[in-house]
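Understanding the architecture of this molecule
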Amino acid sequence: MKEKIITWWRKYSISLAISVLSCSGRLMLKLSTLKAGQILDSHGPVKVLVDSATLGHGVTHETDWISTGTQKWGDIDFDGGYLARIPVHSTDDKSDLGENARYLASIAYLAETGRISLWTSAELQAERFYQPLGRFSGYGYYDLNVFSDLEMKSVDGNFIPDIHSRTLASRDFNKEQNDRLVRSGDILFQTLFALLGQKYTKDAWHIRTAEKYEMFCFLTLDFRLLNQIENLKEKEPIKSLKTCVWTPKQFGSYFKIQPVPTKFLSYRNADFPVRSDLHQVNNMRRSKNEYKKTE
């Protein structure tokens, strides 16, 4: 009887601890957006077009193998361990990605509470179509994307791929999309394309979409694009854009969001092992091939 009580207490205490840690993470998001909520309530509706790169870095936690060292099973030695959720970024990651990642969950929380609305578009959907699904949702079972509970509607209809004319393997979806956009007769896109250059074909279209549909900003973590925009900000049509091309950190600074280290979100919806004291090597997400090694 005593052993049953001890076992029950251990399970209950672990479950209680996880619930408390999960709630504390949500409380931190509420506190981090307290000032932002007040500003946004008086500001009016704020619509944000979310770039694919931002969605990809919304995966703030990944599934990884935690080794417990060599163990024995009879005469056989094997590498013991377990799978657990760990943050991608450490708390002292000072890189551009690391600093921006601390604003993503708060931005998602503001969308969840109705202070802002996050949007996608047909061409952003097309951009993600030819990329691995796990890049945006995570490759592992314990992965966490802070945007996963949000439904982002498209401002201009949904992308419907043509998959009947040729086999998927023989098609270059990236080139097809670029060629389709270049053939567009949209004046704003054509002027942005001419200014930014061919490497930024899809970016020019996304900025055009944000401007056309009166988005407050285009939220991106494409630092190459951001540098290009900064270098050309005094030239038209960039100079006259009403839509801001911003990082999550810039958006957060404007609306007085306090950054939240991603380790404090580690226990969200977690009924499995979590190691918030760890982080990924070089503060970078693992590739799909790296995940296959631990399957």
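Rules of the game
- Residues numbered from 1 in each chain as written.
- Predicted model: local features only at pLDDT ≥ 70, side-chain atom pairs only at ≥ 80, totals over all residues.
- Heavy atoms only, no water.
- Buried < 20%, exposed > 50% of the residue type's maximum accessible area, 1.4 Å probe, protein only.
- Helix = DSSP H or I, 4+ residues; strand = E, 2+ residues; numbered from the N terminus.
- Arc of directions from axis to C-beta.
- Contact = heavy atoms within 4.5 Å.
- Polar contact = N/O pair within 3.5 Å; in protein donor to acceptor, adjacent residues only side chain to side chain.
- Pairing = 2+ DSSP bridges.
- Axes fitted to C-alpha atoms, helices over the stretch in contact; angles between N-to-C directions.
- Parallel < 35°, antiparallel > 145°, perpendicular 65-115°, else oblique.
- Left-handed = near helix turned anticlockwise from the far one by under 90°.
- Core = buried A, V, L, I, M, F, W, Y, C linked by side-chain atoms within 4.5 Å.

So, about helix 10 (residues 223–231). Burial in helix 10 covers these residues: Leu225, Leu226, Gln228 and Ile229. Down the axis of helix 10, the sector holding all buried residues measures 160°, keeping them to one side. Buried residues along helix 10 sit in contact with helix 8 (187–196), helix 9 (201–212), strand 7 (217–219), strand 8 (244–246) and helix 11 (248–254). Residue aspartate 222 occupies the N-cap position of helix 10, its side-chain oxygen lying 3.2 Å from the main-chain nitrogen of arginine 224.

Below, the discussion takes up the sheet that holds strand 5 (residues 144–145). Sheets are built from strands that pair by backbone hydrogen bonding, the pairs being arranged parallel or antiparallel. Reading across the sheet, the three strands line up as 3-2-5 and stay open at both edges, with antiparallel pairing between neighbours. Every other strand in the sheet has two partners, leaving strand 3 (76–87) and strand 5 as the edge strands with one partner each. In this structure, strand 2 (residues 59–73) lies alongside strand 5, joined through two bridges in antiparallel fashion. Among the inter-strand pairings, histidine 61 is bridged to a residue of strand 5, identified as leucine 144.

Here the focus is unusual backbone geometry. The omega angle of the peptide bond from glutamate 236 to proline 237 is 5°, so this bond is cis rather than trans. Its identity is not glycine, yet asparagine 282 carries a phi of approximately 60°, on the positive side. The residue asparagine 282 is located in the loop between helix 11 and helix 12 (288–293) in this model. With relative accessibility at 65%, the residue asparagine 282 sits in the exposed group.

Its place among the elements puts proline 161 in the loop between strand 6 (153–154) and helix 7 (173–182). Since its relative accessible area comes to 26%, proline 161 is described here as partly exposed. Here the alpha-carbon distance between proline 161 and alanine 126, two residues 35 residues apart in the chain, equals 7.6 Å.

This brings us to the packing of helix 5 (residues 122–129) against helix 7. Put simply, helix 5 and helix 7 touch, their axes get as near as 9 Å, and they point 155° apart. Between helix 5 and helix 7, the angle falls in the class roughly antiparallel. Regarding helix 5 and helix 7, the two cross each other, and that crossing is left-handed. Across the interface between the two elements, Glu123, Ala126, Glu127 and Phe129 from helix 5 touch Phe173, Gln177, Arg180 and Leu181 from helix 7.

Another point: the environment of serine 137. As for its placement among the helices and strands, serine 137 is situated in helix 6 (residues 134–137). In the structure, serine 137 is positioned 78 residues away from valine 59 in sequence and 6.7 Å away in space, judged by C-alpha atoms. A polar contact of 3.2 Å, which involves the side chain of serine 137, links it to the backbone oxygen of leucine 133.

What follows concerns the nonpolar core. Ranked by internal contacts, the top residues of the largest apolar core, which has 31 residues, are Val46, Val48, Ile107, Ile116, Leu118, Phe147 and Phe251. Elements that contribute at least two residues to this core include exactly helix 2 (34–43), strand 1 (46–50), helix 4 (96–112), strand 4 (116–120) and strand 7. The element that contributes the greatest number of residues to this core is helix 4, accounting for eight residues. Discounting residues that sit within four places of it in the chain, phenylalanine 147 has contacts with Thr54, Leu55, Gly58, Leu104, Ala108, Leu118 and Met152. Counting residues in hydrophobic clusters, the runner-up holds 22 residues, among them Leu124, Phe193, Ala204 and Ile207.

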